[in-house]
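Chains, contacts and geometry: an overview
Residue strings, one per chain:
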Amino acid sequence: MIVNDLVRKAGLSGNYGGITFASASFAPALDGIHFLYDETAGFSALMNMFDRNPAAKLEERTWAGQAVDDVGAHAGLADTRSGCWLSRRHSA
Amino acid sequence: MIRATHQQKYSGSHTEPALERSPSMLNCRYVLPFLLTVVLAHAAQPTPKPQESFAPYWTAEAGWDTELQMRNNLAAGALTVTPVLRLSDGKEIPLDPITISSRGAASILVSEALVKRAPGLLNQPGSFGSVAFRHTALHARNLAAVAAVHMHGQPIGYHFDAYPVSRDQTGGSLEGIWWQRNPGVKDILVISNSSDKTISGDLHLSDASGN
């Protein structure tokens, strides 16, 4: 999928926003990648995708001994939904 | 009986039962538990099982190539790995198995492997998908694997790590951020399914305000 096209079709404004791919079952079997490139400028970037498990318990919200919510706060993320954000396949 | 025997021993009696001092009986007391421990420990040892790791993307479309990089994490023992390319429709193309010595690494150039296995896919639109790395080991993480995708003649490339396939049936989501740096930047999102089941999902895009 070309995200720029989807953003344009959705009529979203601004130059950044959120992506969510949600599945009601077997979500851990899914993996996603998101990358950018501009061959004219010689530019490329790999955009991180994170797993979110809405059933994760509080004690599972750790990332290198630090609460994942804290990591999100340091990274400027603000999401008030319940659940856990983990780095790619942190829980595998 | 044991207490009586000890009392006899400490009192210096010479009437201890002959059985208590028998070397064969002593052997039985110490050797049998030892043998039992050895047998149980051997029975509890895990045996290697088929394992599968999964990298979400490879491509051999025009202008692109992919290198499959694998490392054997075992301190001792070789791993034989079969990389399997999956197309976006789920069709599998097994590549030649490769044996990697302990702590060794190996690399496969997908374009060269496809020349042998499916030359019609080279440089074609739609020649992309996910990669499964199959091997037999105690744990899937005995193998570290990566699909390294790069654009020909450009400083543009990406590493996509492989992870053990999950059979977990729970719901959840993948989350990310879209970013339009400037109009010339191409922006690709790929969602891959590592299971043998059809999984449905919903894609939501939002602006910076969450709308």
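Quantities reported herein were computed from a predicted structural model and do not represent experimental measurements. (Residues numbered from 1 in each chain as written. Chains lettered and ligands numbered in written order. Predicted model: local features only at pLDDT ≥ 70, side-chain atom pairs only at ≥ 80, totals over all residues.)

1. Considering the overall build of chain B
Assigned secondary structure in chain B consists of four helices and 13 strands. Expressed as a percentage of its 211 residues, the buried residues of chain B come to 25%. (Helix = DSSP H or I, 4+ residues; strand = E, 2+ residues; numbered from the N terminus. Buried ≥ 20, exposed ≤ 12 C-beta atoms within 10 Å, placed from the backbone.)

2. Topic: the overall build of chain A
Along chain A, the regular secondary structure elements total two helices and seven strands. In chain A, the order of α-helices and β-strands from amino to carboxyl end is α-β-β-β-β-β-β-α-β. A total of 92 residues make up chain A; the buried ones form 29% of that total. Contacts in chain A between residues far apart in sequence, at least 24 positions, make up 43% of those at least 6 positions apart. (Contact = placed C-beta atoms within 7 Å.)

3. So, the sheet that holds strand β12 (residues 186–193) of chain B
Read across the sheet, three strands follow the order β3(A)-β2(A)-β12(B) without closing on themselves; strand pairing throughout is antiparallel. Sheet topology places β3 (43–47) of chain A together with β12 of chain B at the edges, where each strand pairs with a single neighbour. Taken over all neighbouring pairs, the strand axes of this sheet differ in orientation by 20° on average, direction set aside. The pairing of strand β2 (residues 30–38) of chain A with β3 of chain A spans five bridges and is antiparallel. The partner of Tyr 37 of chain A across the bridge, within β3 of chain A, is Ser 44 of chain A. (Pairing = 2+ DSSP bridges. Axes fitted to C-alpha atoms, helices over the stretch in contact; angles between N-to-C directions.)

4. Regarding the interface of chain B and chain A
Counting residues at the interface gives 52 residues for chain B and 53 residues for chain A. Put simply, the parts of the chain that give the side of chain B that touches chain A at least two residues each are β1 (49–59), β9 (157–161), β10 (163–164), β11 (172–179), β12 and β13 (202–207) of chain B. Partitioning the side of chain B that touches chain A into residue classes produces 24 nonpolar, 20 polar and eight charged. Bridging between strand β1 (residues 16–23) of chain A and β13 of chain B involves six bridges; their strand directions are antiparallel. Looking at β13 of chain B, one finds that Gly 17 of chain A is bridged to Asp 207 of chain B. (Nonpolar A, V, L, I, M, F, W, Y, C, P; charged D, E, K, R; others polar.)

5. A short note on the confidence of the model for chain A
Averaged over all residues, the pLDDT of chain A equals 74, while 65% of them reach at least 70. A low-confidence stretch, residues 67–87 of chain A (pLDDT under 50), is modelled with 32 contacts involving residues beyond four sequence positions or located in other chains. (pLDDT = per-residue confidence, 0-100.)

6. Considering the sheet that holds strand β8 (residues 143–151) of chain B
Residues and elements named next belong to chain B. Taken in spatial order, the four strands of this open sheet run β6-β2-β8-β9, and their pairing is antiparallel. Pairing within the sheet leaves two strands with one partner each, and these edge strands are β6 (105–109) and β9. On average, each strand axis in the sheet is inclined to that of its neighbour by 20°, with strand direction left out of account. Both strand β2 (residues 64–72) and β6 contribute to a ladder of five bridges, which runs antiparallel. Across the sheet, residue Met 70 finds its bridge partner in β6, namely Ala 106. On top of the sheet, helix α4 (residues 110–117) reaches β2 and β6; it is set at about 60° to β6, its chief contact.

7. A few points about the confidence of the model for chain B
Residues and elements named next belong to chain B. Predicted confidence across chain B gives a mean pLDDT of 86, with 83% of residues reaching 70 or more. Across residues 1–16, where pLDDT falls below 50, the model places eight contacts with residues more than four positions away in sequence or in other chains. Listed scores for the predicted complex are pTM 0.75 and ipTM 0.74.

8. Quick word on the nonpolar core
Core analysis: the biggest nonpolar cluster contains 47 residues, and Ala 55, Tyr 57, Trp 58, Val 131, Phe 133 and Ala 147 of chain B have the highest contact counts within it. Of the residues forming this core, the biggest block, five residues, is contributed by β2 of chain A. (Core = buried A, V, L, I, M, F, W, Y, C linked by C-beta atoms within 7 Å.)

9. Here's the deal with unusual backbone geometry
Here the phi dihedral of Phe 26 of chain A falls at roughly 55°; this positive angle occurs in a residue that is not glycine. Within the secondary structure layout, Phe 26 of chain A lies in the loop between β1 and β2. Unlike most non-glycine residues, Arg 103 of chain B shows phi in positive territory, near 60°. Relative to the helices and strands, Arg 103 of chain B resides in the loop between β5 (98–100) and β6. When the 11 C-beta atoms within 10 Å are taken as the criterion, Arg 103 of chain B is described as exposed.

10. A closer look at the pairing of β11 of chain B
Side chains on a regular strand alternate between the two faces of the sheet. One ladder, built from eight bridges, connects β1 of chain A with β11 of chain B; its direction is antiparallel. If you follow Ser 23 of chain A over to β11 of chain B, its bridge partner there is Gly 172 of chain B.

11. What about the environment of Pro 28 of chain A?
With respect to the helices and strands, Pro 28 of chain A occurs in the loop between β1 and β2. Separated by 19 residues in sequence, Pro 28 of chain A and Lys 9 of chain A have C-alpha atoms that sit 29 Å apart. With near-sequence residues (within four places) excluded, Pro 28 of chain A lies in contact with Ser 166, Asp 168, Thr 170 and Gly 172 of chain B.

12. A word on the environment of Gln 51 of chain B
Residue and element names in this part refer to chain B. In this structure, Gln 51 sits in strand β1. The spacing of Gln 51 and Met 70 is 19 residues in sequence and 14 Å in space, taken between C-alpha atoms. Non-local contacts of Gln 51, meaning those with residues more than four positions away in its chain, are made with His 135, Thr 136, Ala 137, His 139 and Ala 140.

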